[in-house]
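In case you want the letters, here they are:
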Amino acid sequence: MTIRTRIAIIGAGHSGICMGMQLKRAGIGDFVILEKSATLGGTWRDNTYPGASCDAPSFLYSFSFAQKTDWSRRFAWQPELLAYSVECAVQSGLLPHCRFNTEVIAARFDDARDLWRIELADGDMIEAQFLVTGVGQLHRPAVPTIPGREGFRGVQFHSARWDHAVDLAGKRIAVIGNAASAVQFVPQIAPLATQLTIFQRSANWLMPRKDCLYSPRLHRWMARWPWLARLRHQFQWFVFGELQLTPLMKQVRVVQWLATIKSRLHLRRQVRDPALRAKLIPDYPIGAKRVLFNDDYYPTLNRHNVRLVTDGVDRIEAAGVRTNAGELVGADVIIFATGFQATDFLAPMTIAGAGGRDLRDEWKNGAHAYLGVTVSGFPNLFMLYGPNTNLGHNSILVMIEAQVGYILDAIRQMDARGVRRLEVKRGVMDEYNRWLQRDLAKSVWAADKQSWYKLADGTITNNWPHSTIRYRRLLRTADLEAYDTAA
């Protein structure tokens, strides 16, 4: 069966929901949202590990045009974040536009008809003038290729695919990885375990989180005067992101020095053992990898049943994990907190553009795009949360809103000019990315040789190196002079 629509959106996470909401607000109803899972929600549907929460303040992790006024706490937890996604979709009337359990396996541009033919896993076909991808960067778990995994006689799973059927009480648990997810779930499961061993490859810079519940009085104020919630959103966007964290990423020395002192004082206050503290001090500048905000991970390391191992993992055996130092650490359960395949954008889908050009060939030396949104050779394809649009210093929703606004403006201009096909010029895209990589080379992310932000050769494919103010300014309007167009 072939279904025809004007706009096809892949993914029903925050990106796809934002795109759908803004299309409805613009009076455009001819679109479909294709979601491979049974429900919407994206990141906050998939990540259900104990303690899962956002590291951006709650009021900042709302769409500016759909501000939630009754957040329960300063940093919302997964159930509330997922509920917000569902609320946005339901209130905006998006559910009739959603096709769930619908996985896209390939999309090919039809040059003769100027439209995308989108192949679904169930055999159906979607034909659309525009294709918008909203699949994110952090949705495909990365499990390391450690020898012996298949021979482990216990239970093993990735934190992003948490197995809630496994009873952790009284178990010996090995956690491989210690970054953003681990610092949230380790404090939750430590009281259950007989022994909890954390295998750390590199230490994290942790800052105080200072989470708190919001009072009923604040909820009453926000409900009575919704502009207070919008004001709080703007305040947190500017102070938390633009003033505090953006200079850190741009290596403003006094800001880096102050942040380093604050983080080390946080460590000293919470970890008593000097030898353990020494293992927890990173060997790279603060900000080069994701800065984490947490108040209960360090205290958990003081527990009698928790141990931090820094020797490295050699292999997995039937009875547990063998370190590079030769020690066998017994385990009944292994949890991989090893992040995601973040640099494999749009995988595993096959995307073929004009003339049948494969997007994998275009990106063989690293994913790139113009403004993170469009790619030369791929007409009428728009990306949300695409290459070089990730942030280490603000809410990603700020970037997504800017991208959605840019796409809508491009479509409006195309309609006004009678244009059916839009493709960014090769020279424009290449010049933009040369400028971008020059500035990324000056950022703090270039100071560390390995992170999920970059490829093995050091090319940074994930992050945006400037303020969100600058990005929003660049995407305020779509300059069709940067594109080849066809009526």
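Residues numbered from 1 in each chain as written. Predicted model: local features only at pLDDT ≥ 70, side-chain atom pairs only at ≥ 80, totals over all residues. Heavy atoms only, no water.

**Student:** Teacher, can you tell me more about the overall build of the chain here?
**Tutor:** A count of helical and extended segments in the chain gives 13 helices and 20 strands. Taken over the C-alpha trace, the chain has a radius of gyration of 23 Å; the compact-globule value for 487 residues is 23 Å, and the two agree within 12%. If you line up the chain on its principal axes, its C-alpha atoms span 70 × 55 × 45 Å. Residues counted as buried form 56% of the 487 residues belonging to the chain. Restricting to contacts in the chain with at least 6 residues of sequence separation, those with at least 24 account for 71%. In the structure as shown, the chain presents an accessible area of about 20500 Å², 52% of it carried by carbon and sulfur atoms. Both charge centroids of the chain, one from 60 positive and one from 45 negative side chains, sit 7 Å from each other. (Helix = DSSP H or I, 4+ residues; strand = E, 2+ residues; numbered from the N terminus. Rg over C-alpha atoms; globule rule 2.2 N^0.38 Å. Buried < 20%, exposed > 50% of the residue type's maximum accessible area, 1.4 Å probe, protein only. Contact = heavy atoms within 4.5 Å. Areas by Shrake-Rupley, 256 points an atom, 1.4 Å probe, with all protein chains shown as cover. Lys, Arg positive; Asp, Glu negative; His and termini not counted. Charge placed at Lys NZ, Arg CZ, Asp CG, Glu CD.)

**Student:** Is there a simple way to think about the sheet that holds strand β16 (residues 333-336) in this case?
**Tutor:** As a general point, the strands of a sheet are linked pairwise by backbone hydrogen bonds and lie either parallel or antiparallel. Across the sheet, five strands lie side by side as β7-β16-β8-β9-β12; this open sheet has parallel pairing. The sheet is open, and its two edges are formed by β7 (155-158) and β12 (306-309), each paired on a single side. When strand polarity is set aside, the average angle formed by the axes of neighbouring strands in this sheet is 15°. The pairing of β7 with β16 spans four bridges and is parallel. From the neighbouring strand, phenylalanine 157 faces β16, where its bridge partner is isoleucine 335. On the sheet, helix α4 (residues 182-189) packs against β8 (172-176), β9 (195-199) and β16 and is oriented at approximately 170° with respect to β8. (Pairing = 2+ DSSP bridges. Axes fitted to C-alpha atoms, helices over the stretch in contact; angles between N-to-C directions.)

**Student:** For this particular structure, what's the right way to read helix α3 (residues 78-91)?
**Tutor:** Turn by turn, an α-helix covers 3.6 residues, leaving residues three or four places apart pointing in a common direction. Taking 1.5 Å of rise per residue, the 14 residues of α3 would be expected to cover 20 Å, and the 20 Å separating its terminal C-alpha atoms lies within 8% of that figure. Contacts from the buried residues of α3 go to α1 (14-25) and α2 (43-46). Immediately beyond the C-terminal end of α3, within one or two residues, lies glycine 93, with a positive phi of roughly 75°. (Expected span 1.5 Å × (residues − 1).)

**Student:** Help me understand the pattern of salt bridges, please; the structure alone is not making it clear to me.
**Tutor:** It is possible for side chains bearing opposite charge to pair when their charged atoms get close. Counted by the stated rule, this structure contains 25 salt bridges. Of the charged contacts in the structure, one is a salt bridge between arginine 4 and glutamate 127, with a shortest N-O distance of 3.2 Å. Residue arginine 4 is found in strand β1 (residues 2-10), and its partner glutamate 127 is found in strand β6 (residues 125-133); the two are separated by 123 residues along the sequence. On the basis of relative accessibility, which here comes to 61%, the residue arginine 4 falls in the exposed class. With a relative accessible area of 4%, glutamate 127 lands in the buried category. Among the ionic pairs, arginine 45 bridges to glutamate 35, the shortest N-O distance being 3.3 Å. Of the two residues, arginine 45 is situated in helix α2 and glutamate 35 in the loop between β2 (31-34) and α2; the sequence distance between them amounts to ten residues. Neither residue differs from the other here; arginine 45 and glutamate 35 are each classed as buried. (Salt bridge = Lys/Arg side-chain N within 4 Å of Asp/Glu carboxyl O.)

**Student:** Just checking my understanding: could you explain the sheet that holds strand β13 (residues 313-317) for this structure?
**Tutor:** The antiparallel open sheet is built from three strands, whose spatial order is β13-β14-β15. At either end of the open sheet lies a strand with only one pairing partner, and these are β13 and β15 (328-330). Between one strand and the next, the sheet's axes are offset by a mean angle of 25°, whatever the strand orientation. Across four bridges, the pairing between β13 and strand β14 (residues 320-323) is antiparallel. Opposite arginine 315, over in β14, you have arginine 322 as the bridge partner.

**Student:** I would appreciate a short explanation of the side chain of asparagine 204 in the present structure.
**Tutor:** Here asparagine 204 shows up in the loop between β9 and β10 (206-207). Polar side-chain contacts of asparagine 204 include one of 2.5 Å to the backbone oxygen of asparagine 178. Excluding residues within four positions of it along the chain, asparagine 204 makes contact with Asn178, Ala179, Val183, Leu280, Pro282, Tyr284, Leu292 and Tyr298. (Polar contact = N/O pair within 3.5 Å; in protein donor to acceptor, adjacent residues only side chain to side chain.)

**Student:** Even after reading the chapter, I still don't get the packing of α1 against α3, so can you show me in this structure?
**Tutor:** Relative placement of two packed helices is described by the angle separating their axes and the distance separating the axes. Two numbers describe how α1 lies on α3: the axes approach to 10 Å, and their chain directions differ by 25°. As summarised for this structure, α1 and α3 are arranged roughly parallel, according to the angle between their axes. Along this stretch, α1 crosses α3, giving a crossing that reads as left-handed. Along the contact surface, α1 presents His14, Ile17 and Met21, while α3 presents Tyr84, Ser85, Cys88 and Ala89. (Parallel < 35°, antiparallel > 145°, perpendicular 65-115°, else oblique. Left-handed = near helix turned anticlockwise from the far one by under 90°.)

**Student:** I keep staring at a positive patch on the surface and nothing clicks. Help me out?
**Tutor:** On the surface, a cluster of positive charge is made up of Lys250, Arg438, Lys442, Arg470, Arg472, Arg473 and Arg476. Sort the elements by how many residues they give to the positive patch and helix α13 (residues 468-474) lands first, with three residues. Mapped onto the elements, lysine 250 comes out in the loop between α6 (227-249) and α7 (253-270). (Patch = residues over 30% accessible without salt bridge, like charges linked within 9 Å, V, L, I, M, F, W, Y side chains within 5 Å.)

**Student:** Would you mind showing me how to read the state of the cysteines here?
**Tutor:** Should the sulfur atoms of two cysteines be covalently bonded, the bond is a disulfide. Counted under the stated rule, the structure contains zero disulfides. For the unlinked cysteine cysteine 54, the closest cysteine sulfur is that of cysteine 88, found at 14 Å. (Disulfide = S-S within 2.5 Å.)

**Student:** What's the story with the side chain of serine 263 in this structure? I'm lost.
**Tutor:** Position of serine 263 relative to the elements: it lies in helix α7. The residues contacting serine 263, other than those within four sequence positions of it, are Trp205, Leu206, Met207 and Ile286.

**Student:** Before we go on, may I ask you to explain unusual backbone geometry in this structure?
**Tutor:** Of note, the bond from alanine 347 into proline 348 is cis; its omega dihedral lies within 30 degrees of zero at 0°. Phi angles above zero are rare outside glycine, and asparagine 101 is one such case at about 50°. You can see asparagine 101 is positioned in the loop between β3 (98-99) and β4 (104-110). If you check the backbone angles, glutamine 251 has positive phi at about 60° while not being a glycine. Position of glutamine 251 relative to the elements: it lies in the loop between α6 and α7.

**Student:** Any chance you could explain the packing of aromatic side chains here in plain terms?
**Tutor:** Given two aromatic rings, one states the distance between the centres and the angle between the planes to describe the pair. Taken as a whole and assessed by the stated rule, the structure comprises 20 aromatic pairs. Aromatic side chains tryptophan 71 and tyrosine 84 sit 5.5 Å apart centroid to centroid with 50° between the ring planes, which places their arrangement in the tilted category. Highlighted residues: tryptophan 71 in the loop between α2 and α3 and tyrosine 84 in helix α3, separated in sequence by 13 residues. When the centroid spacing of 6.1 Å and the interplanar angle of 35° are considered together, the rings of phenylalanine 130 and phenylalanine 382 count as tilted. Residue phenylalanine 130 is located in strand β6, and its partner phenylalanine 382 is located in strand β18 (residues 381-383); the two are separated by 252 residues in the primary sequence. You'll find phenylalanine 130 and phenylalanine 382 in the same group, each marked buried. Positioned above the aromatic ring of tryptophan 225 is the side chain of arginine 224, whose terminal nitrogen or guanidinium carbon lies 5.3 Å from the ring centre. Residue placement shows arginine 472 over the ring face of tryptophan 237; its charged tip is 4.8 Å from the ring centre. (Phe/Tyr/Trp six-rings, centres within 6.5 Å; stacked < 30°, edge-to-face > 60°. Lys NZ or Arg CZ within 6 Å of the ring centre and 35° of its normal.)

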